[in-house]
Amino acid sequence: MAEKSNLPLFETKVFKNRLIFRLYALSIFISICFIFYFRILHLPDSKTAEKLAWLGALFSELWFTFYWFIGIVVRWNPSYRRTFKDRLFQRYGNVLPGIDIFVCTADPVIEPPTMVINTVLSIMAYNYPSEKMSLYLSDDGGSDLTFYALFEASRFSKEWLPFCRNFNIEPRSPEAYFRKAVEPLNDSLGSNEWSSMKNLYEDMKKRIESVAEMGRIPDDIREQHKGFLEWDTASSRRDHQTILQILIDGRDANAVDNEGQPLPTLVYLAREKRPQFHHHFKAGAMNAMIRVSSRISNSPVILNVDCDMYSSNSDSVRDALCFLMDEENDDEIGFVQFPQCFDNITKNDLYGSSLNVIMQVEIHGMDDNGGPGYIGTGCFHRRETLCGRKYKRGSKSESLRWDHHLRIQDSASVLEETCKPLASCGYEENTEWGKEMGLKYGCPVEDVLTGLAIHFRGWRSIYFNPERKGFLGVAPTALLQSLVQNKRWSEGDFQIFLSQYCPLVYGHGKIPLKLQLSYCVWLLWAPNCLASLYYVTIPSLCLLRGISLFPKILSQWSFPFIYLFMATSAYSAGEFIWCGGTLHGWWNDQRMWVYKRTTSYLFGFLDNILRLLGISKSAFVVTAKVADDDVSKRYEQELMEFGAPSPMFTILTTLAFLNALSFIGVLLKLAMHGQTLDQLAMQIVLCGLLVCLNQPLYEGIFIRKDKAKMPSSVAYKSAVFALVLCSLAYV
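Residues numbered from 1 in each chain as written. Predicted model: local features only at pLDDT ≥ 70, side-chain atom pairs only at ≥ 80, totals over all residues. Heavy atoms only, no water.

Student: An account of the UniProt feature "binding site: UDP-alpha-D-glucose" (unreviewed entry) in the protein chain is requested, with residue identities and associated values reported.
Tutor: Per the UniProt record, the feature "binding site: UDP-alpha-D-glucose" (unreviewed entry) sits at E111 and D140. In summary, the annotated positions, though distributed over 30 residues, converge in three dimensions, the widest C-alpha pair being only 11.2 Å. Within the element layout of this structure, E111 appears in the loop between β3 (99–105) and α5 (113–124). What makes E111 buried here is its relative accessible area of 6%. A distance of 2.7 Å separates a polar atom in the side chain of E111 from the backbone nitrogen of A106. Classification of D140 by relative accessible area gives buried; the value is 9%. (UniProt positions renumbered as here; feature names shortened; annotations may be inferred. Helix = DSSP H or I, 4+ residues; strand = E, 2+ residues; numbered from the N terminus. Buried < 20%, exposed > 50% of the residue type's maximum accessible area, 1.4 Å probe, protein only. Polar contact = N/O pair within 3.5 Å; in protein donor to acceptor, adjacent residues only side chain to side chain.)

Structure follows, in structure tokens:
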């Protein structure tokens, strides 16, 4: 028995047999060397336009090489983890720690309350002792509708949790479960209970949606809970006092489900909002919950989940604790990050939203290089890491054991009043909150910055990607949503790179060099726009002037270019398919790669430049989590959604027109003048590929008649811009 108790709670497997990958990387490096030798050897001497175009290609390829190199560093030695949950319970049993779970929502329209409570219910139903779980919903929208939905969920949980426990169902989000599950035919399998539970859920959902349609809480409902009185004194969602209500007090002996089992503590929090105070978006909400929870439950482990990321695996808590409580490694592990996965990805991943390559390849590589970054959801933290504690080897971290855990014994009503000041606007004035304590402020991607700061303090992190995904969320269902989301990510990441927290500077001597470079894969998304914009515009414009930027197709110098293109495309497609995608999905991903780099990353880059010049400030944009029926139908049919005018669409359409005009123009010129294709063949192929990638844009401009077609105003402006650029090519 003693020997068994010393067994590890998890194991790590590092891919050692990476010979083929390393031979591939070596062959690409050799090809790159030949390409640079060609560029320098054939640098034009005289013509200014040709020389500038040539130098532009050289510098773009230098950037692509650097970015390829850090990508290879990330992929060099990916590591994979496996947990032993049976050993966890054998070793710790009743002294397993408490866990505080934070769910953030900000807008009841963009993030409907029914979606929010499905996330809440899926987490309340974890396969973990309920009396050790406390769930906090932060409502930055300050909506009484969200509070009402949570109130309904608190009552429904008394039926739902026993149902999940008795039938061991997955997933434990009612909406997701009843959407995917087939009703049992045999009564012994619980068909009566199944039907009854589905009816209870549908009734609750209808009540919430009917109240949402009314736009107000009826008086008979308001009388059911004292918490509704808080909205009598709230001016607006941006101007109200702290609203804190403990809907279920897990310490109360009467807080039980319909089988007499304890329920988790459930808390609603709308922190104070005043127009004259900056509220720091999600980071501010998280920090308020850290403080409030420290008074109510004070669990040593904190899980935070976005409101659209329901739990898909009821054992996720136990998986995370296998890392945090392993005797050999637990002292240095600051957080355990689960992948961000999505429940609504189309078969061919229309908008490249699955993030499969990032989640299944890149972050596994970061794990071996020193630990994954914090991605803002599906992450289990030690409370002390979020409170600014530094890790020092040899020093003992805070014990996670339940028997070392002190909980406040005050009543729920007393706690509600004493905790309100912790979520007030002025509490953080002249404190270290947002600087050295809690999540970092001042960055659109506060999660990445916070995780980086935790690494700087000496903590390690773990990436765990179980076979059954821990959390499933909602990916954007429209092109503009996806581009705006990626703009925020790239802007925030590049802001970190330009700040005092740049891993290549501030991280020197604090985190491994491999981890510094691994972070740069994300932090340098935005600058990719420059080289990418060059490659989708200048080679096409040069075609119109007959300027060649590549070797003749029959020249020996063409081999490195051809091999580089073929090998990287084959590897990229293979990697994408290995991660669960399709060949068509890979092609869609390549299209989105171009679209994001020429719009999202461009705006993210420019916003950072303007911010440095003091002209603009960063802003946080919440991505819509729902779409109307027409949008959803087109998304399922994998038809790109355009519809509304946008500067991003203007750029994409201008580039699409530019490449089409250049492609058609050079073919007409060759046909009319009888010139050989040899000199310009590689450039024509590049331009032709860009035309093929833009097929959905051409359909949206010329063929489609639905509401999601490209707006005529965008098409007209873009056509003029493209013609002007083509005219300048002849100047």
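From this point, the narrative continues.
Student: Give a detailed account of the nonpolar core, specifying residues and quantitative values.
Tutor: Among the nonpolar cores identified, the biggest contains 75 residues, and W160, V336 and F380 are the most heavily contacted of them. Sorting elements by how many residues they give to this core places helix α6 (residues 144–167) first, with twelve residues. If sequence neighbours within four positions are ignored, F380 has contacts with I99, V301, I302, L303, S316, V317, A320, G334, F335, V336, F338 and F471. (Core = buried A, V, L, I, M, F, W, Y, C linked by side-chain atoms within 4.5 Å. Contact = heavy atoms within 4.5 Å.)

Student: Give a detailed account of the sheet that holds strand β11 (residues 379–382), specifying residues and quantitative values.
Tutor: The strand order β5-β6-β4-β3-β7-β11-β9-β12 describes an open sheet built from eight strands, whose pairing is mixed. The open sheet is flanked by β5 (243–248) and β12 (460–463), the only strands paired with a single partner. Averaged over all pairs of adjacent strands, the angle between strand axes in this sheet comes to 20°, irrespective of strand direction. Pairing analysis gives five bridges linking β5 to strand β6 (residues 265–270), with the strands arranged antiparallel. Across the sheet, Q245 pairs through a bridge with Y268, a residue of β6. (Pairing = 2+ DSSP bridges. Axes fitted to C-alpha atoms, helices over the stretch in contact; angles between N-to-C directions.)

Student: Account for the UniProt feature "binding site: Mn(2+)" (unreviewed entry) in the protein chain, naming residues and giving values.
Tutor: Look at the UniProt record and you will see "binding site: Mn(2+)" (unreviewed entry) annotated at K282 and D306. Considering the C-alpha atoms alone, the annotated residues occupy 25 residues of sequence yet fold into one spot, their largest mutual distance being 10.0 Å. Within the secondary structure, K282 sits in helix α10 (residues 281–296). On the basis of relative accessible area, K282 is assigned to the buried category, the value being 16%. Beyond its immediate sequence surroundings of up to four residues, K282 is in contact with C104, N304, D306, G376 and E446. One can find D306 in strand β7 (residues 301–306). Once you skip the residues sitting within four places of it in the chain, D306 turns out to touch V103, C104, T119, K282, G376 and T377.

Student: Tell me what's going on with α6, and back it up with residues and numbers.
Tutor: When the terminal C-alpha atoms of α6 are compared, their 34 Å separation across 24 residues agrees well with the 34 Å that a helix rising 1.5 Å per residue should span. Of all bends in α6, the biggest is about 45°, found at S157. Counting buried positions along α6 gives 17 out of 24 residues, so the element sits mostly inside the fold. You can read the cap of α6 off the contacts: a side-chain oxygen lies 3.1 Å from the backbone nitrogen of L145, and it is on S143. Trailing α6 by a residue or two, N168 shows a phi angle of about 50°, which is positive. (Expected span 1.5 Å × (residues − 1). Bend = angle between axes of the 7 residues up to and from the residue.)

Student: Could you give me a rundown of unusual backbone geometry, with the residues and numbers involved?
Tutor: With omega at -10°, the peptide bond leading from E170 into P171 counts as cis. Among the structural elements, P171 can be located in the loop between α6 and α7 (174–180). The phi dihedral of N430 falls on the positive side, at around 60°, and the residue is not glycine. Here N430 lies in the loop between α14 (412–419) and α15 (446–456). Residue class for N430 comes out exposed when judged on its relative accessible area of 82%. Even without being glycine, E638 reaches a positive phi, approximately 60°. By the secondary structure assignment, E638 is in the loop between α21 (629–636) and α22 (647–673).

Student: Which residues make up the packing of α22 against helix α25 (residues 712–729), and what values go with them?
Tutor: The interhelical angle for the contact between α22 and α25, taken along N-to-C directions, is 50°, at an axis separation of 8 Å. As summarised for this structure, α22 and α25 are arranged oblique, according to the angle between their axes. Judged by the sense of rotation from one axis to the other, the crossing of α22 with α25 is right-handed. Here α22 contributes F649, T650, T653, T654, F657, L658 and L661 to the contact with α25, which in turn contributes V714, A715, K717, S718, A719, F721, A722, L723, L725 and C726. Here the contact of α22 with α25 is composed, by residue class, of twelve nonpolar, four polar and one charged. (Parallel < 35°, antiparallel > 145°, perpendicular 65-115°, else oblique. Left-handed = near helix turned anticlockwise from the far one by under 90°. Nonpolar A, V, L, I, M, F, W, Y, C, P; charged D, E, K, R; others polar.)

Student: Report on the packing of helix α20 (residues 583–612) against helix α23 (residues 681–693), specifying residues and quantitative values.
Tutor: Orientation of α20 relative to α23, taken along the N-to-C sense of each, is 100°, at an axis distance of 10 Å. Between α20 and α23, the angle is such that the two are roughly perpendicular. Where α20 abuts α23, its residues W587, Q590, R591, V594 and Y595 lie against L689, C692 and L693. In the contact of α20 with α23, the residues fall into six nonpolar, one polar and one charged.

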